[in-house]
Amino acid sequence: MTLSASLEKIFGPINFSDKDRDRLVYSHDASDHSGYPSFIVWPTSVEEIHKLILLCKRSNATLVPRGAGTSLTGASVPNESIVVDMSKMRKVLEIKDDYIVVEAGVPLADLNRELKYKYFPIQPESKASCTVGGMIATNAVGLKPMEYGRMEDWVESLTVIDGNGMPLEIKGDAVKHFCGAEGNTGIVLKAKLKLLKKEENRSSKLLQFNTITAMYDQIKKLRYDPDILNIEFMDEFCSSLLGFEDKLYVIAEFRGDKGEYKGKDSEDLWLKRETLLKLVRGEKYFQMEDVQVEEGDKFLHWLRKNRIPSYGAIGLNMFNVLFKEDRLVSEMKNVLKLLKGTLGIKFGYGVLKKEYLDKDFAKRMHALKTHYDPKNMMNRGKLI
Ligand SMILES: Cc1cc2nc3c(=O)[nH]c(=O)nc-3n(C[C@H](O)[C@H](O)[C@H](O)COP(=O)(O)OP(=O)(O)OC[C@H]3O[C@@H](n4cnc5c(N)ncnc54)[C@H](O)[C@@H]3O)c2cc1C
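Throughout this description, residue numbers start from 1 for each chain and increase along the sequence as written. Given that the model is predicted, a residue must reach a pLDDT of at least 70 before its local features are reported, and side-chain atom pairs must reach 80 or more before they are shown or counted; all residues, however, enter totals for whole chains, interfaces and linings. In computing side-chain properties, one takes all heavy atoms of the structure into account and sets aside hydrogens as well as water.

(A) A look at the site of the ligand. One heavy atom suffices: a residue is near a molecule or strand as soon as one of its heavy atoms comes within 4 Å of it. Neighbouring the ligand are 37 residues; P65, T70, S126, T131 and V141 lie closest to it. Counted as a polar contact is a pair of N or O atoms within 3.5 Å, where, for protein atoms, one must be capable of donating a hydrogen and the other of accepting one, and residues adjacent in sequence contribute only when both atoms are in side chains. Contact between the ligand and V141: a nitrogen atom at 2.7 Å from a main-chain N or O atom of the residue. Taking V188, its main chain carries an N or O atom lying 2.9 Å from a nitrogen atom of the ligand. Expressed as a share of its isolated accessible area of 980 Å², the protein-covered part of the ligand is 97%. A run of H or I in DSSP counts as a helix once it spans at least four residues, and a run of E counts as a strand once it spans at least two, with each numbered from the N terminus. Elements that contribute at least two residues to the shell around the ligand include exactly β3 (63–66), α5 (132–138), β10 (186–194) and α10 (276–282). Its residues assigned to classes, the shell around the ligand comprises 19 nonpolar, 13 polar and five charged. Each accessible area is a Shrake-Rupley estimate made with a 1.4 Å probe; only the visible protein chains count as cover when residues are assessed. Each residue is assigned to one class: nonpolar for Ala, Val, Leu, Ile, Met, Phe, Trp, Tyr, Cys and Pro, charged for Asp, Glu, Lys and Arg, and polar for all the others, Gly among them.

(B) Broad picture of the pattern of salt bridges. Every case where a carboxyl oxygen of Asp or Glu lies within 4 Å of a side-chain nitrogen of Lys or Arg is listed as a salt bridge. If you walk through the whole model with that rule in mind, you get 20 salt bridges. The residue E94 makes a salt bridge to K96 at a minimum N-O spacing of 3.9 Å. Partly exposed describes any residue whose relative accessible area lies between the buried limit of under 20% and the exposed limit of over 50%, with all areas from a 1.4 Å probe on protein chains only and scaled to the type maximum. A relative accessible area of 31% places E94 in the partly exposed class. Note that E147 is salt-bridged to R202, the shortest N-O span being 2.7 Å. You can see E147 sitting in helix α6 (residues 145–148) and its partner R202 sitting in strand β12 (residues 202–209), a full 55 residues away along the chain. What you see here is one network of salt bridges that share partners, running through K144, E147, R202 and E253.

(C) Spotlight on the layout of surface pockets. Taken as a whole, the second largest pocket spans an internal volume of roughly 520 Å³. Put simply, the grid is 1 Å and covers the protein atoms alone, a cavity is a trapped set of points that fit a 1.4 Å probe, a pocket is an open set with protein on both sides within 12 Å along at least five of seven lines, and lining residues have an atom within 4 Å of a point. Lining the second largest pocket are 23 residues, and of these Y119, E199, E267, L271 and E274 lie nearest its centre. Where the lining of the second largest pocket is concerned, the elements lending two or more residues are β7 (118–119) and α9 (263–274). In terms of residue count, α9 provides more of the lining of the second largest pocket than any other element does, six residues in total. Classifying every residue of the lining of the second largest pocket by side-chain character gives eight nonpolar, five polar and 10 charged. Split by domain, the lining of the second largest pocket shows at least three residues from each of two domains, domain 2 (89–197) and domain 3 (202–343). Grid points are joined across faces, edges and corners, and a volume is the space filled by probe spheres set on the points. Start and end positions for the domains come from either an automated domain assignment or a database one.

Geometry only, nothing functional implied.
What follows is the structure, given as structure tokens:
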């Protein structure tokens, strides 16, 4: 039997496609990288995925798990491989006081809608569409990384199928074998995620600066404040899009009532900040790079000189840098080399940011790949 006939037998005619129009749809993600899907399948059960892995092993086929395809690095783009679209495995299975269990294909927006008095703290700017499986695979970062860390800090346990076709229940440190592995070690099927109580008793200050030097002097002090939770930055361009003056702004969030924006006002200030991406896109800045650089002040001076807009979690020197065209991106990469900064720390590495992968992380990923996917079937050519 051909691979195509075997896939159709497993998934049925509705959840299998070899049509060119579907191939076109799945040849991209949110980056400008493209590739060719051999076939597309939409699993609806663990059994189907298990059969798929065994079939790939027998026929030496490769596959790419796919959530919502919001990757900015080509991570979910196929390379003559079978696209495994997880969007039909999207049930919320259980909600308790301090955890939620979901299938991997559930969009974060659906998960958020289910929560009334609780809160899931990793809220990336793609939250309207990205899925929990994609967030786990890329170890996603939300709006407040200084306080909440990243996805791996909120995953209690996972159900996965690895490249050996083994269904596995993963807990403890082994969760990190899948968080940030970008689908190289297995397909995430189900996740148990920790929840928080709705935010309470916090406040924010909105600080305005004329110079980057003055801003960094203040940020150094804020980092030592025992009540500081988050420090967010917007340059002049982003500030004016939000209706503030044409200046540098920092939102500093505190435990307790130190800031002049208290309770609901503080929440509203952060909600206003969340509207920024939409406004930026309205100005036709469609390319966004994720930078982390210790000498953030020097980097911001360079951006300002070149009129390149930016914003981000300045408390961790993590910036979203905005471009309308490629011309200045390569110059920025040279500047980052000089300043020992990096790309990929937030949006992942996929195909486009592989060169920025930390050497120790890459070594660890190679070892995990050999263990979980020795035939290199999953996301071949990506990340490592
Ligand atoms: C406008 C915009 C804003 C963004 N903002 C942020 C941000 O603030 N923070 C941030 O961290 N990221 C951000 N991103 C990047 C992206 O949204 C995240 O990486 C997101 O977590 C990807 O989720 P997804 O469901 O779209 O995954 P996809 O793009 O479909 O896949 C991403 C990777 O995960 C793998 N994968 C997907 N599902 C599974 C699964 N079930 N099992 C195993 N592997 C799987 C894929 O193979 C691929 O390697 C942004 C992207 C856009 C377009």
